[in-house]
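Each chain is listed here by its residues.
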Amino acid sequence: RYYHLFSDSPKVQQWIQALVPFMFLFSIFDTLQNVTVGIVKATGYQSQAAKVTFISSYFLAQPLGYFFAIHLDLGIKVIWTALTCGVGLSFVILQYKLAR
């Protein structure tokens, strides 16, 4: 396992092991969203791509992640889930824009 590369603490290694699937899923959606943003920008809709990305991240994903993690005490996994939902939503909206 590679968890020891980040820390010698067994507790930190457990957290890393628990969060890797969430980070992996986020990375997939983030990559898809970034490629789609590039395509949308190349078609001349820079402002729409920026608006969708900004709203899905700063008005949806981050506030929801903060609220669920801090106020409802659901932990760090829900932060990664909220961020994944934000980039996923941005990806879906931009794909819809490209399909039209």
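Conventions we followed
Residues numbered from 1 in each chain as written. Predicted model: local features only at pLDDT ≥ 70, side-chain atom pairs only at ≥ 80, totals over all residues. Heavy atoms only, no water. Core = buried A, V, L, I, M, F, W, Y, C linked by side-chain atoms within 4.5 Å. Buried < 20%, exposed > 50% of the residue type's maximum accessible area, 1.4 Å probe, protein only. Helix = DSSP H or I, 4+ residues; strand = E, 2+ residues; numbered from the N terminus. Contact = heavy atoms within 4.5 Å. Expected span 1.5 Å × (residues − 1). Axes fitted to C-alpha atoms, helices over the stretch in contact; angles between N-to-C directions. Parallel < 35°, antiparallel > 145°, perpendicular 65-115°, else oblique. Left-handed = near helix turned anticlockwise from the far one by under 90°. Nonpolar A, V, L, I, M, F, W, Y, C, P; charged D, E, K, R; others polar.

Caption draft 1: Representation of the nonpolar core within the structure. Within the largest apolar cluster, five residues are counted, these being Val-37, Val-40, Ala-49, Val-52 and Leu-94. Among the secondary structure elements, those contributing two or more residues to this core are helix H1 (10–42) and helix H2 (46–71). Setting aside chain neighbours within four positions, we find Leu-94 in contact with Thr-36, Val-37, Val-40, Ala-49, Val-52 and Thr-53.

Caption draft 2: Up close: H1. Taking 1.5 Å of rise per residue, the 33 residues of H1 would be expected to cover 48 Å, and the 47 Å separating its terminal C-alpha atoms lies within 8% of that figure. The set of residues buried in H1 consists of Ile-16, Leu-19, Phe-26, Gln-33, Thr-36, Val-37 and Val-40. Buried residues along H1 sit against H2 and helix H3 (76–99).

Caption draft 3: Spatial organisation of the packing of H1 against H2. Packing of H1 against H2 brings their axes to within 8 Å, and their N-to-C directions diverge by 155 degrees. Put simply, H1 runs roughly antiparallel to H2. The chirality of how H1 crosses H2 is right-handed. Seen from H1, the contacting residues are Gln-33, Val-37, Val-40 and Lys-41; seen from H2, they are Gln-46, Ala-49 and Thr-53. Of the residues assigned to the contact of H1 with H2, the class counts are three nonpolar, three polar and one charged.

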